[in-house]
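Analysis of the macromolecular model
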Amino acid sequence: MSAESSGFDFICRIVAERTGNVLEADKAYLAKSRLLPVAQRWSCPSVKEVIAKLQASRDPQLEREVVEAMLTHETSFFRDEQYFANLSQHILPALLHQRQAERCLRIWCCACASGQEAYSIGMLLRESFSDAVSGWDVEILGSDCSYQSILQAVAGEYSEVEMTRGLSARRRDRYFQRQRSGWQLNDSLRAAVQFRELNLIKPLPTLPPMDLVLLRNALIYMSDDTKRTILRRVHQTIRPGGFLILGATETLFDLKDRFDRISFDSSLSYQKRPL
Ligand SMILES: C[S@@+](CC[C@H](N)C(=O)[O-])C[C@H]1O[C@@H](n2cnc3c(N)ncnc32)[C@H](O)[C@@H]1O
């Protein structure tokens, strides 16, 4: 797809307006493969026609599908293993210690795609901390601006390929049941994680003070101004002493003095300083 003739500029504009994601011009080729399924669902003979249809009608449902198709939803269970090892060995034990009087723990995966990150934390809590948090009020929230991703996360349904990414056979057998095509997470773990649609470029709804926020691999697609705005909002949700985990290449910008940088082996986390 050529950037000039295809309406790629139009797609870039609506994706930026709706989600803050910046699509680089050299990603025009992605539009064709990502929008083909949308064209098929809307009975359009080509991607060019689906774009023309959207330009003409601004149909909200079509716009949503086009925008969601253009975002990168790449994720996997226990993505970046070292981060999960550090959650298990350092961050969760520190939080359990901090929160032992209140016996309450709030965890938010705030661009969770199809849910694997949030469910991976649920698995860790079951495997290593079930005695420690017995009787605690534990909430894991997963959110994303993509309705389709949240639907998949709520259903807990994953394809064979998704199941081979980051999930051991032992965990697969413990938490999933096979379906006609793919696998579904068991009811018990699904019930342990709440999901909601939430767009980080809009003012946040009221959320409880968070002990741990994961904001990984979403800011990389945004402008520096948008990153700063989102980081400020997310910072407000974290309790003093709570932790923020960013993706490996992401930084805190001007919020550096509000957090202590905690380095465990090759992974980085940030602990919010007391006010
Ligand atoms: C690459 S995935 C990362 C998923 C997961 N955090 C991980 O690291 O495996 C990025 C996710 O960010 C979501 N996203 C992009 N812009 C967003 C926004 N403005 N608000 C909320 N989620 C957003 C996308 O829909 C996508 O599912």
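Small disclaimer: the values here were computed from a predicted structure and weren't measured.

**What about the overall build of the protein chain?**
Of the regular secondary structure elements, the protein chain holds 11 helices and 10 strands. Against the 2.2 N^0.38 benchmark of 19 Å for 275 residues, the protein chain shows a C-alpha radius of gyration of 20 Å, consistent with a compact globule.

**A few points about the pairing of strand 8 (residues 238–246)**
Direction of pairing for strand 7 (residues 210–215) relative to strand 8: parallel, over a ladder of 5 bridges. Paired with Leu 215 across the strands is Leu 246, a residue of strand 8. Handedness of the β-α-β unit built from strand 7, helix 11 (residues 224–237) and strand 8 comes out right-handed.

**Quick notes on the domain arrangement of the protein chain**
Taken as a whole, the protein chain is organised into domain 1 (8–70) and domain 2 (81–272). Of note, the centres of domain 1 and domain 2, computed from C-alpha atoms alone, are 29 Å apart. Every contact between the two is made by 6 residues of domain 1 and, on the other side, 10 residues of domain 2. Partitioned by chemical class, the residues of the side of domain 1 that touches domain 2 number 1 nonpolar, 3 polar and 2 charged.

**What to know about the site of the ligand**
Surrounding the ligand, one finds 23 residues, the nearest of these being Thr 75, Ala 111, Ala 113, Cys 145 and Ala 218. For the shell around the ligand, the residue count by class is 8 nonpolar, 10 polar and 5 charged. Per-domain counts for the shell around the ligand show at least three residues from each of domain 1 (8–70) and domain 2 (81–272).

**Focus on the sheet that holds strand 4 (residues 176–178)**
Taken together, 3 strands build an open sheet; the order of strands is 3-5-4 and the sheet is antiparallel. The open sheet has two edge strands, strand 3 (157–158) and strand 4, and neither has a second partner. Summarising the sheet, strand 4 and strand 5 (residues 183–185) pair through 3 bridges and their orientation is antiparallel. Pairing of Gln 177 across the sheet is with Gln 184, part of strand 5.

**Comments concerning unusual backbone geometry**
With a phi angle near 50°, Arg 103 is a residue other than glycine that sits in the positive phi range. Of the residues examined, Arg 103 has 13 C-beta atoms within 10 Å and is grouped as partly exposed. Phi at Asn 217 is positive, roughly 60°, even though this residue is not glycine. Mapped onto the elements, Asn 217 comes out in the loop between strand 7 and helix 11.

**Re the packing of helix 2 (residues 28–41) against helix 4 (residues 60–70)**
Where helix 2 contacts helix 4, the axes come no closer than 9 Å and their chain directions differ by 140°. One finds that helix 2 runs oblique with respect to helix 4. Crossing handedness for the pair helix 2 and helix 4: right-handed. Between helix 2 and helix 4, the residues in contact are Ala 31, Arg 34, Leu 35, Pro 37 and Val 38 and Glu 65, Val 66, Ala 69 and Met 70, respectively. Looking at side-chain class alone, the contact of helix 2 with helix 4 contains 7 nonpolar, no polar and 2 charged residues.

**A word on the packing of helix 1 (residues 8–19) against helix 4**
Axes are the key here: two packed helices are described by the angle between their axes and the distance separating the axes. For the pair helix 1 and helix 4, interaxial distance at closest approach is 10 Å and the crossing angle is 90°. Taken as axis vectors, helix 1 and helix 4 run roughly perpendicular relative to one another. Here helix 1 contributes Ile 11, Ile 14, Val 15, Arg 18 and Thr 19 to the contact with helix 4, which in turn contributes Glu 63, Val 66, Val 67 and Met 70. Its residues assigned to classes, the contact of helix 1 with helix 4 shows 6 nonpolar, 1 polar and 2 charged.

**What about the nonpolar core?**
When a protein is soluble and globular, its nonpolar side chains tend to lie buried together. Counting 47 residues, the largest nonpolar core has Cys 110, Val 213, Leu 215 and Leu 244 as the members making the most contacts within it. Broken down by element, the residue count for this core peaks at 6 residues, all from helix 5 (residues 81–98). With 18 residues, the next largest nonpolar core counts Phe 8, Val 15, Ala 39 and Val 47 among its residues.

**Describing the sheet that holds strand 8**
Pairing within the open sheet is mixed, and its 7 strands lie in the order 6-2-1-7-8-10-9. The open sheet terminates on both sides in strands that have one partner only, identified here as strand 6 (193–197) and strand 9 (259–264). For this sheet, the mean inter-axis angle between neighbouring strands, taken without regard to orientation, is 20°. Summarising the sheet, strand 1 (residues 104–109) and strand 7 pair through 3 bridges and their orientation is parallel. Across the sheet, the residue bridging to Ile 107 is Leu 212, located in strand 7. In the packing of helix 5 onto the sheet, contacts are made with strand 1, strand 7, strand 8, strand 9 and strand 10 (267–272), and the angle to strand 10 comes to roughly 20°. Sheet strands in contact with helix 11 are strand 7 and strand 8, and its direction is about 155° off that of strand 7.

Thresholds, definitions, all that
Residues numbered from 1 in each chain as written. Predicted model: local features only at pLDDT ≥ 70, side-chain atom pairs only at ≥ 80, totals over all residues. Helix = DSSP H or I, 4+ residues; strand = E, 2+ residues; numbered from the N terminus. Rg over C-alpha atoms; globule rule 2.2 N^0.38 Å. Pairing = 2+ DSSP bridges. Right-handed = clockwise from strand over helix to strand, strands pointing away. Domains from an automatic or database assignment. Contact = placed C-beta atoms within 7 Å. Nonpolar A, V, L, I, M, F, W, Y, C, P; charged D, E, K, R; others polar. Near = placed C-beta within 6 Å. Buried ≥ 20, exposed ≤ 12 C-beta atoms within 10 Å, placed from the backbone. Axes fitted to C-alpha atoms, helices over the stretch in contact; angles between N-to-C directions. Parallel < 35°, antiparallel > 145°, perpendicular 65-115°, else oblique. Left-handed = near helix turned anticlockwise from the far one by under 90°. Core = buried A, V, L, I, M, F, W, Y, C linked by C-beta atoms within 7 Å.

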